[in-house]
Amino acid sequence: MTDSKNINNPVGQGGGQRKKLSRAERQDNGPHRNLDRRGVAERKAELVRKMREKTRAVEDAEQANDDTAQS
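Right, let's walk through the structure included here. Keep in mind it's a predicted model, so treat the numbers as computed, not measured.

Quick word on the pattern of salt bridges
A full pass over the atoms with the stated rule returns two salt bridges. The residue Glu46 makes a salt bridge to Arg49 at a minimum N-O spacing of 2.4 Å. Taken as a pair, Glu46 and Arg49 lie in helix H2 (residues 31–70) at a separation of three residues, close to a single helical turn. Taking the relative accessible area as the measure of exposure, Glu46 reaches 32% and is therefore partly exposed. Taking the shortest distance from any N to any O, the salt bridge between Arg49 and Glu53 comes out at 2.6 Å.

Things to note about a negative patch on the surface
Together, Glu59, Asp60, Glu62, Asp66 and Asp67 make up a negatively charged patch on the protein surface. The topology assignment puts Asp66 in helix H2. For Asp66, a relative accessible area of 46% gives the class partly exposed.

About the cut-offs
- Residues numbered from 1 in each chain as written.
- Predicted model: local features only at pLDDT ≥ 70, side-chain atom pairs only at ≥ 80, totals over all residues.
- Heavy atoms only, no water.
- Salt bridge = Lys/Arg side-chain N within 4 Å of Asp/Glu carboxyl O.
- Helix = DSSP H or I, 4+ residues; strand = E, 2+ residues; numbered from the N terminus.
- Buried < 20%, exposed > 50% of the residue type's maximum accessible area, 1.4 Å probe, protein only.
- Patch = residues over 30% accessible without salt bridge, like charges linked within 9 Å, V, L, I, M, F, W, Y side chains within 5 Å.
- Areas by Shrake-Rupley, 256 points an atom, 1.4 Å probe, with all protein chains shown as cover.
- Lys, Arg positive; Asp, Glu negative; His and termini not counted.
- Charge placed at Lys NZ, Arg CZ, Asp CG, Glu CD.

Structure below.
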């Protein structure tokens, strides 16, 4: 009697062991997607850092203008 034929238990696939796939990997969201997410997270962090630097520079300029106006 044969076992059920599914992705983790293929019948007639040459007899070797086959890596069990997680649900995410079966949905084609495997390790390569994790690398993509890491890259996106790094780009987002860089963008946030640049935006913070820009707003900090604007705030410093406004504060300098306020200081000269009060003098």
